[in-house]
Every structure is written in C-alpha cells, then in structure tokens.
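# Architecture at a glance
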Amino acid sequence: TAKNKINWKLLTSLPIENLSDAREKIQWYQHRWKVETFHMALKSGCKIEELGLISKERYERAITLYSIIAWRIIYITYFSRNYPKESCLKIFSSKEWKILYMIEHRKKKAPDKIPTVDEVVLWLSKKGGYKNRKLDGPPGVKTIWKGLTRLKEMVETYELLFCG
C-alpha cells in the first residue's frame, strides 16, 4: 500500500546535468557496500587500527599490505557465492585445498580429484567458526578471515613438518 512505501532520496554534491549523469551516480552509490565491506575487512579482520604504528609512512605500508589480504578475503567470499561449482584452483593453491581436505576428512593424503570452490570454502569456513547449520546463511567476510588465518598456520606447520 502507499502508506507503507519508502521513498529514497540520494543526495550528492556532484554535478548532475542529465538523466545519464543521475544514473551514473546511482550506480556508484550501489557499489558503496563493497567499499564498506573492504573497510570492515581491514578494520575487523586485519585489525589495522590496533597495529599501534607510530608514523604515517608505516601505516601507509601496513595498509598497502593488509589491503591485499582484505581483497583476498572479499574475493573468496564473493567468488564462492557467485561461482560455487568452479574449480577451487581459481582461488586456492593446491597446497591450501589439500591441507584443508586432509584436516577436514582426517586423512593423510588428499584425493587427485580437485574439489569445487564451495567444498573448499566450507572446509575453510568451518576453521573460522562456521557451523553450517540448516538456517545459516553463507559464510561471511569475518568467518573467511578467521579460516584463512588458521589455514596460514596449517600451511606453515605442514611445510615445517613435511617440506624440510
């Protein structure tokens, strides 16, 4: 009903001369959540604000490095939602998926068959605390971040024990 309608108004300081300009600004605004997700990954996942660095230059270097990590977290999250049946090799190394497989299935060797993205992201997400209950949504950025942190430790341990 008209009584329950919400009317949104997008305010901007950018010049809008025609309908094409207005559509362009609306498209920009529609991507705002991606920027917010990226900042959340930097703040909550990478904990960029808690580094306690002294100089501006050190923060710039840290932000550069952590931006790559934040990008990977977001990429894995959205790739898994949009291309779940693709080969996991599109977003994980062979070593990463094999280690996740061996840990998840308690096996000493991974199979030759390469799993899909959704299979590996599920294993990774479980390491980040994902419960995979019936009503749970897909794993989010924070869960992926926690899982990647654990995966990094698992890969380092594996290399230490088996790669000399």
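Our subject is the structure listed above.
First, a word on what this report is: a plain description of the structure on this page. Not measured: the values here are computed from a predicted model. (Residues numbered from 1 in each chain as written. Predicted model: local features only at pLDDT ≥ 70, side-chain atom pairs only at ≥ 80, totals over all residues. Heavy atoms only, no water.)

Along the chain, the regular secondary structure elements total six helices and zero strands. Starting at the N terminus and walking to the C terminus, you meet the elements of the chain as α-α-α-α-α-α. On the principal axes, the C-alpha backbone points of the chain span a range of 65 × 50 × 25 Å. Scored against the burial criterion, the 164 residues of the chain give a buried share of 29%. (Helix = DSSP H or I, 4+ residues; strand = E, 2+ residues; numbered from the N terminus. Buried < 20%, exposed > 50% of the residue type's maximum accessible area, 1.4 Å probe, protein only.)

It is worth spelling out the layout of surface pockets at this point. Here the largest pocket defines a volume of roughly 260 Å³. Around the largest pocket, the lining residues are Ile69, Arg72, Ser93, Lys95, Glu96, Trp145, Leu148, Thr149, Leu151, Lys152 and Val155. Per-element tally for the lining of the largest pocket: the top contributor is helix 6 (residues 141-162), with six residues. (1 Å grid on protein atoms, 1.4 Å probe; cavity = no way out; pocket = protein on both sides within 12 Å on 5 of 7 lines; lining within 4 Å. Points joined across faces, edges and corners; volume = space filled by probe spheres on them.)

This brings us to the side chain of Glu96. Within the fold, Glu96 resides in helix 4 (residues 94-105). A polar side-chain atom of Glu96 sits 2.9 Å from a polar atom in the side chain of Arg72. Non-local contacts of Glu96, meaning those with residues more than four positions away in its chain, are made with Arg72, Ile91, Leu151 and Val155. (Polar contact = N/O pair within 3.5 Å; in protein donor to acceptor, adjacent residues only side chain to side chain. Contact = heavy atoms within 4.5 Å.)

Going through the model one piece at a time under the given rule, you end up with six aromatic pairs. Judged by centre distance (4.9 Å) and plane angle (15 degrees), the rings of Trp71 and Tyr75 are stacked. Residue Trp71 and its partner Tyr75 are located together in helix 3 (residues 56-82), separated by four residues, close to a single helical turn. Relative to Trp123, the ring of Tyr101 lies with its centre 5.6 Å away and its plane at 70 degrees, an arrangement referred to as edge-to-face. Of this pair, Tyr101 sits in helix 4 while Trp123 sits in helix 5 (residues 117-127), and the two are 22 residues apart along the sequence. For the pair Tyr101 and Trp123, a shared accessibility class is recorded, and that class is buried. Members of the aromatic cluster, each reached through a chain of ring pairs, are Trp71, Tyr75, Phe79 and Tyr83. (Phe/Tyr/Trp six-rings, centres within 6.5 Å; stacked < 30°, edge-to-face > 60°.)

Once that is clear, we can look at the pattern of salt bridges. This structure, assessed with the given rule, holds 12 salt bridges. Of the charged contacts in the structure, one is a salt bridge between Glu104 and Lys127, with a shortest N-O distance of 4.0 Å. Linking Glu104 in helix 4 with Lys127 in helix 5, this pair joins segments that are 23 residues apart in sequence. Owing to a relative accessible area of 23%, Glu104 belongs among the partly exposed residues under this scheme. (Salt bridge = Lys/Arg side-chain N within 4 Å of Asp/Glu carboxyl O.)

A few words on a nonpolar patch on the surface. Taken together, the side chains of Leu10, Ile26 and Tyr29 define a hydrophobic patch exposed on the protein surface, amounting to about 270 Å² of accessible area. Mapping Leu10 onto the fold places it in the segment before helix 1 (19-30). Look at Leu10 and you get partly exposed, because its relative accessible area is 41%. (Patch = residues over 30% accessible without salt bridge, like charges linked within 9 Å, V, L, I, M, F, W, Y side chains within 5 Å. Areas by Shrake-Rupley, 256 points an atom, 1.4 Å probe, with all protein chains shown as cover.)

Right, let's talk about helix 3 for a bit. In a regular helix each residue adds 1.5 Å, so 27 residues correspond to 39 Å; helix 3 covers 37 Å between its end C-alpha atoms and thus fits that length. Turning to helix 3, its buried residues number three or more, namely Ala62, Ser67, Ala70, Ile73, Ile74, Ile76, Thr77, Phe79 and Ser80. (Expected span 1.5 Å × (residues − 1).)

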